[in-house]
Each structure stands twice: as C-alpha cells, then as structure tokens.
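Remarks on the overall topology
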Amino acid sequence: MARNIERKEFPVLEMSCASCANHVEQTVRHLEGVGEASVNFASNTLSVAFDPGTITPVQIRDAVRAAGYDLIVDERNGEQQREESERARYRRLRRDTVGAWAFSLPLMLISMAFMHMPYGNWIMLALSLPVLGVFGRMFFVGGWKQARHGQANMDTLVALSTSIAFLFSLFNTVYPRFWTERGLEPHVYYEASCMIIAFVLLGKLLEERAKGGTMEAIRKLSGLRPDTVLLVDQAGAEHPTPIGRVQPGDLIAVRPGGRIAVDGTVADGSSYVDESMLSGEPLPVRKEAGSRVFAGTVNQRGSLRYRAEQVGEDTMLAQIIRLVQDAQGSRAPVQRLADRIAAVFVPTIIAVALLSFGAWLLLDPAEGFAHGMLALVTVLVIACPCALGLATPTGIMAGNARGGGARW
C-alpha cells in the first residue's frame with residue numbers, strides 16, 4: 001500500500017553556516033517516515049517529504065531542536081515568527097558588529113604602532129574581553145552546542161581559534177618569562193582574536209542583508225495579489241469578498257486603478273490594463289469581452305467584469321512566485337560542492353593544527369612544546385572560517401534576488 005507522502009517547507013532557526021545546514025539535513029533525513037529532506041542555508045528553510053501517518057511536523061521539530069537548532073511548524077503564524085526572528089537576529093548582529101569593531105580598531109592600532117607602550121599588553125587584554133565575552137559570545141555558545149552533540153561547525157573553528165589565541169596571549173601577558181628564558185619573544189595575539197570575530201560578524205551582517213533583499217523580492221511578488229475582490233452575484237450586485245473564497249466561474253468586477261485578482265476572461269466592459277509585471281512592456285494593453293486578464297496586473301481607465309478561471313496557486317502570478325521560491329530553495333552544483341567541503345572543513349583544520357603540534361613534539365623534544373604551540377595557534381588563527389560556507393550561498397541568493405525581484 002502506497003504511503004501518503006506530504007511535502008512541506010519549514011523555516012529553520014539558529015543556523016550559522018553551511019555545516020549547520022548539513023547537520024539539520026542529515027538529522028531529518030534519518031528520521032523514520034521521512035523520504036526526502038533538503039536544507040537551504042541561504043533561505044534558512046527545510047524542505048521535507050514525509051509520511052504523516054509515521055511522523056508529524058512536531059516530531060521533526062523536536063528532532064531538530066535536539067540537534068541544537070529550531071524549526072517553525074506553525075503554518076498559521078510561521079511566516080510572522082520567521083520575520084520577527086530575522087529582524088531580531090539582524091538587530092543583534094548589527095549591535096555585535098558595531099561593538100566588536102569599536103573595540104577591535106583601537107586594539108589593532110595599539111598592537112601595530114604602540115606595542116611597547118607601558119602596560120600595553122594589559123590594555124589590549126582589557127579591550128579584548130568585551131569582544132570575546134559579549135559581542136562574540138554567539139560563536140562560543142554555538143560551538144558548545146555542537147560539541148555537546150559531537151558535531152563541529154564554523155562556530156567551533158571561530159571559538160577555538162579566538163579562544164586559543166586569547167589564552168595564549170593571556171599566558172604571555174601574565175608569565176612572559178616562559179618564553180624569554182627560551183630565547184623567544186612573548187608575543188600576544190589579542191588583536192588577531194578580536195579582528196577574526198569582527199570580520200566574521202561583518203560577513204554575517206552582510207549576509208543577512210542579502211537574505212533580506214531576496215525575501216523582500218518574494219514579498220513584493222506576493223503583494224501584487226489583492227486581499228479582497230468585488231464578487232458579482234446573480235442580481236448584478238458587487239460584494240467585497242476575501243480572495244480565498246473565489247472559485248472558478250465566479251464573476252468579478254474591477255474598478256479603475258484596481259488589481260486583477262485571479263486569471264480569467266473579460267465578460268463585460270473595456271479598459272486598458274498594465275501588464276508590465278508579466279511582459280515588461282510599459283504600454284497598457286486594451287481589454288474587452290473575450291480578452292484574457294492575469295492576476296497582479298493593474299486595471300487603468302475603465303471598469304471590467306471578468307470570469308475567474310485560474311485561482312489560488314493556479315494563477316500565472318502564483319506560478320512565478322513558486323518558480324522564484326524553487327530557485328531560492330534549490331542548490332546549484334557549485335553550492336552542493338561547497339557544502340560537502342564545508343562539512344569536512346572544520347575537522348580538517350583541527351586535525352592539521354593538532355598534527356602540527358604533534359610533529360614539533362616529536363621532532364624537537366627540547367623546545368617542541370613551545371614551537372608546537374605556536375604552530376597550533378597559527379593554523380587555527382589563519383584558517384578562514386566562513387568564506388567557503390557563506391560566499392557561495394550568499395552569491396546565489398543575490399542572483400535570485402536580482403532575477404526574481406528586479407522587474408517588480
């Protein structure tokens with residue numbers, strides 16, 4: 001007996017990189033009753049095909065929450081919840097980004113030009129504490145959540161690189177003799193740990209703006225549909241009616257300046273209709289009895305009455321919106337390649353750092369620990385943690401925004 005498969009799309013919260021998207025996708029894909037699952041990090045959505053007799057959206061949400069993320073399954077208020085979450089996330093990112101740069105810039109100035117000033121290391125220590133403890137807190141929280149579930153993502157690498165650089169610098173500030181006794185300079189890397197956080201936060205802020213532009217394009221498309229129509233009864237009277245109640249065969253009136261609500265054929269009257277949202281042609285098109293009209297177009301001069309034919313998700317406008325959403329949720333081959341690389345990027349960097357440390361211990365038993373620690377810190381600090389995971393999806397999102405929203 002064939003299963004009754006449903007396909008739905010749910011907003012995903014708390015993802016910070018492509019590795020997070022892979023983790024959510026694999027978590028859902030291995031649930032009993034789930035046939036297909038695909039997470040698009042660029043749009044923060046989960047597209048899932050599941051058997052409602054075996055698993056429910058609430059159970060899928062519980063599994064995602066257990067993995068350290070969140071899923072919105074409330075279909076009535078889901079879009080509103082996602083918009084509120086996105087606005088709150090953007091405000092938080094903007095605050096953290098501004099704060100991180102406000103402390104990191106003077107820290108960088110001191111480290112580059114005034115490194116030998118009295119108590120310079122202690123001043124840099126004081127400047128770095130707010131960046132790591134307040135503005136960059138999200139990376140440490142995210143890394144801890146992943147570690148609890150035996151996972152690693154970009155937050156893990158940011159947290160490791162910045163915390164190790166900070167602790168290494170703190171040790172050199174408090175106990176510089178450890179290095180001077182071995183003939184080495186006790187360098188500090190406070191500016192490196194803080195600038196990493198500042199740059200990654202800036203990248204995330206720009207990414208959120210790119211996502212917001214694409215979602216705005218889809219909202220503009222959806223806004224072309226009027227909420228109510230003038231439904232004509234058998235007596236010829238016009239009644240304001242919610243668009244959701246319109247059925248094929250209903251007679252609808254549209255006045256000058258109003259939008260066509262659904263696809264249909266003109267039954268009475270004549271007018272000029274602006275169809276530039278479909279054709280790009282700025283000149284209005286004359287409509288009279290027997291002419292086709294399309295949802296989202298604007299009636300200009302005269303009044304029309306038209307017979308509804310395609311309503312709801314069958315209209316041409318709904319198909320355009322669906323195509324934009326499908327393009328937004330799909331993955332290009334280059335994005336799938338980037339996601340696969342991002343999934344192993346973090347553990348690979350950690351393994352290389354530990355290998356460098358171990359190699360120094362084996363090759364230089366006398367001073368191997370000191371040089372190995374320097375090598376470990378260097379590998380973790382210079383590893384670019386988010387360019388690979390963010391550049392590709394952000395570029396695709398910007399392309400979708402241009403292609404889907406430029407005309408509207």
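Up top you'll find the structure we're talking about.
Keep in mind the model is a prediction, meaning the values are calculated, not measured.

**Here's the deal with the pattern of salt bridges**
- Inspection of the entire model under this criterion finds eleven salt bridges.
- The residue Glu 36 makes a salt bridge to Arg 7 at a minimum N-O spacing of 3.2 Å. Highlighted residues: Glu 36 in strand β2 (residues 34-40) and Arg 7 in strand β1 (residues 6-13), separated in sequence by 29 residues.
- One salt bridge connects Arg 255 with Glu 238, and the closest N-O pair in it is separated by 3.2 Å. A residue pair is termed long-range when its members are at least 10 positions apart, and Arg 255 in the loop between β7 (251-254) and β8 (263-269) and Glu 238 in strand β6 (residues 238-242) qualify at 17 residues.
- Residue Glu 238 is classed as partly exposed on the basis of its relative accessible area of 30%.
- Bridged by salt links that share partners, the residues Glu 238, Arg 255 and Arg 305 form one connected network.

**A look at the environment of Leu 361**
- Inspection of the secondary structure assignment puts Leu 361 in helix α11 (residues 333-363).
- Overall, Leu 361 belongs to the partly exposed group, its relative accessible area being 36%.
- C-alpha separation for the pair Leu 361 and Met 373, spaced twelve residues apart in sequence, amounts to 9.5 Å.
- Each residue touching Leu 361, except ones within four places of it in the same chain, is listed here: Gly 368 and Phe 369.

**Section: the environment of Glu 275**
- Note that Glu 275 resides in the loop between β9 (271-274) and α9 (276-279).
- For the pair Glu 275 and Gly 296, spaced 21 residues apart in sequence, the C-alpha to C-alpha distance is 8.3 Å.
- Excluding residues that lie within four positions of it along the chain, Glu 275 makes contacts with Gly 280, Val 285, Lys 287, Arg 292, Phe 294 and Thr 297.
- For Glu 275, the side chain forms a polar contact with the side chain of Lys 287, separated by 2.8 Å.

**Overview of the sheet that holds strand β5 (residues 228-232)**
- Taken together, six strands build an open sheet; the order of strands is β6-β5-β7-β13-β8-β11 and the sheet is antiparallel. Both outer strands of the open sheet, β6 and β11 (292-293), are each paired with one neighbouring strand and no more.

So, how was this worked out
- Residues numbered from 1 in each chain as written.
- Predicted model: local features only at pLDDT ≥ 70, side-chain atom pairs only at ≥ 80, totals over all residues.
- Heavy atoms only, no water.
- Salt bridge = Lys/Arg side-chain N within 4 Å of Asp/Glu carboxyl O.
- Helix = DSSP H or I, 4+ residues; strand = E, 2+ residues; numbered from the N terminus.
- Buried < 20%, exposed > 50% of the residue type's maximum accessible area, 1.4 Å probe, protein only.
- Contact = heavy atoms within 4.5 Å.
- Polar contact = N/O pair within 3.5 Å; in protein donor to acceptor, adjacent residues only side chain to side chain.
- Pairing = 2+ DSSP bridges.

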